[in-house]
Amino acid sequence: MSASVQKKRIAIFGSTGSIGTQALDVVRAQSDLFEVEILTAQTNDELLIKQALEFLPNAVVIGDEAKYTKVKEALASHDIKVFTGVSALEEVADFDTYDIMLAAIVGFAGLKPTLKAVSKGKLIALANKETLVVAGDIVMQTALENKSPIIPVDSEHSAIFQCLVGEARNPIEKIILTASGGPFLGKKPNFLVNVKRDHALQHPNWSMGAKISIDSATLMNKGLEVIEAKWLFNLRPDQIEVVIHPQSIIHSMVQFQDGSMKAQMGLPDMKLPIQYALGFPNRIANDFPRLQFKKYPSLSFEEPDYKTFRNLGLALEALKTGGNMPCVLNAANEIAVWAFLKNRIGFLDITAVVEKTMEKIDFIKKPTLEEYFESDGEARNFAASIMKL
Ligand code: NAD
Ligand code: MG
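Residues numbered from 1 in each chain as written. Chains lettered and ligands numbered in written order. Predicted model: local features only at pLDDT ≥ 70, side-chain atom pairs only at ≥ 80, totals over all residues. Heavy atoms only, no water.

### Focus on helix α12 (residues 271-279)
One turn of an α-helix holds 3.6 residues; hence residues three or four places apart share an orientation.
So, point 1. Counting buried residues along α12, eight of its nine residues qualify, which places the element largely inside the surrounding structure.
So, point 2. Those residues of α12 that sit buried are Lys271, Pro273, Ile274, Gln275, Tyr276, Ala277, Leu278 and Gly279. (Buried < 20%, exposed > 50% of the residue type's maximum accessible area, 1.4 Å probe, protein only. Helix = DSSP H or I, 4+ residues; strand = E, 2+ residues; numbered from the N terminus.)

This is how it looks when you write it as structure tokens:
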């Protein structure tokens, strides 16, 4: 690569997480192509400081205000701006000095900064699926108006995106999202009722943050991904199918009008879709381990167990209902997963909390952004009240 090529300046929102740290591995390995402009973290000040000292960004955000002074002092001898406080993420998302936002904050907290970057027409490498689950209509409309490309990082959506390259004129008949099935594939409610957090955190194929690991175990993750896919690829609910594929080698598939199907494959490693999103439209040479078919003599596929893993059905219902329902589903799920991680509720209670919250919160057909925030708050309060938090 010639030295005259402008490096892409990356803003990593959620740099201390599973996606954030893997993104920094990609940047480190491709330092002639990328440089870091912004790093943000909620609580992990030590890792944020370490990252900032290595990558020397223009600015960092530490969400936890109690840690501001420590971060500020640690970076004092470098020309790095340090921010904290409720509007800090939006403030740095508003900078003109970066090219790509990697949206890797977990949960609803990612919505505001991502929407700010979208409204500035930035290229978004989107890991934070909750942003689209909550307010997909507003985010996609704002992206269209500001010509902000949204490149998915979620492996399934990256797979579909890659299958669609060169197919702009060809309508999608349907997409097939693959799901590993998580650590409890094949288990029934009599087993799940006693499942504890540490077991649920152990995903067979992927190593991820705590929230998405629990979502994968309950299949809520696949439900959120169906909603994410609807917005990213402008699909009707009946065009999205879910299939369990325990080996996680086919990351997803697209079927076209002639019945032909394309699949994208690879070893389960998030660095691949992260690198693809940052490098798009180029594929960048790397030394990641290669998929060898002989090591996978059989790839298998089965129907999800909707009766046992009811979260998937609840998410599909929220998608069909539309309006603020996916936002309510997401909020109730976030707080229920949080409670499960704190050993405050059981595994199956997560579904019960989501279901009851969806029944309770007033339906709004076409919410404004403010109404999405209100629905999120109401759903959290109600979910917390039934869990007696
Ligand atoms: P994680 O928990 O490992 O990291 C989350 C990051 O967000 C951390 O840097 C943390 O500091 C920051 N953060 C947490 N709460 C915050 C808040 N309230 N305000 C601001 N920042 C906050 O999560 P992860 O596994 O890296 O997942 C990040 C996102 O990517 C999620 O939306 C997840 O669904 C999606 N995703 C992750 C994977 C994966 O392999 N980990 C795969 C596909 C999609
Ligand atoms: Mg995924």
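### So, the site of ligand 1
So, point 1. In the vicinity of ligand 1, 22 residues are found, and the nearest of them are Thr16, Ser18, Gln42, Glu130 and Gly209.
So, point 2. The separation between an oxygen atom of ligand 1 and a polar side-chain atom of Thr16 is 2.7 Å.
So, point 3. In this structure, Ser18 approaches ligand 1 through a main-chain N or O atom, which is 2.9 Å from an oxygen atom.
So, point 4. Protein chains bury 85% of the 820 Å² of accessible surface belonging to ligand 1 in isolation.
So, point 5. When grouped by side-chain class, the residues that make up the shell around ligand 1 number 11 nonpolar, eight polar and three charged.
So, point 6. Here the shell around ligand 1 spans two domains, and each of domain 1 (8-152) and domain 2 (157-321) adds at least three residues to it. (Near = heavy atom within 4 Å. Polar contact = N/O pair within 3.5 Å; in protein donor to acceptor, adjacent residues only side chain to side chain. Areas by Shrake-Rupley, 256 points an atom, 1.4 Å probe, with all protein chains shown as cover. Nonpolar A, V, L, I, M, F, W, Y, C, P; charged D, E, K, R; others polar. Domains from an automatic or database assignment.)

### Remarks on the domain arrangement of the chain
So, point 1. What the domain assignment lists for the chain is domain 1 (8-152) and domain 2 (157-321).
So, point 2. For domain 1 and domain 2, the distance between their C-alpha centres works out to 25 Å.
So, point 3. Each partner contributes residues to the interface: domain 1 has 26 residues there, and domain 2 has 28 residues.
So, point 4. Buried area between domain 1 and domain 2, both sides added, is near 2,300 Å², and the carbon and sulfur share of it is 73%.
So, point 5. Interface area lost by domain 1 to domain 2 is led by Lys129, Ile151 and Pro152, which between them contribute 27%.
So, point 6. At the surface where domain 1 touches domain 2, the tally comes to two salt bridges.
So, point 7. With its nearest N and O atoms 2.9 Å apart, the salt bridge here joins Glu225 to Lys129. (Contact = heavy atoms within 4.5 Å. Buried area = accessible area lost by both parts, 1.4 Å probe. Salt bridge = Lys/Arg side-chain N within 4 Å of Asp/Glu carboxyl O.)

### Here's the deal with the pattern of salt bridges
So, point 1. Within this structure, the stated rule accounts for 22 salt bridges.
So, point 2. Here Glu167 makes a salt bridge to Lys262, at a shortest N to O gap of 2.9 Å. Of this pair, Glu167 sits in the loop between α7 (155-164) and β8 (172-179) while Lys262 sits in strand β11 (residues 261-265), and the two are 95 residues apart along the sequence.
So, point 3. On the accessibility criterion, Lys262 (29% relative accessible area) is partly exposed.
So, point 4. If you follow the salt bridges from partner to partner, you end up with Lys129, Asp154, Glu156, Lys222 and Glu225 in one network.

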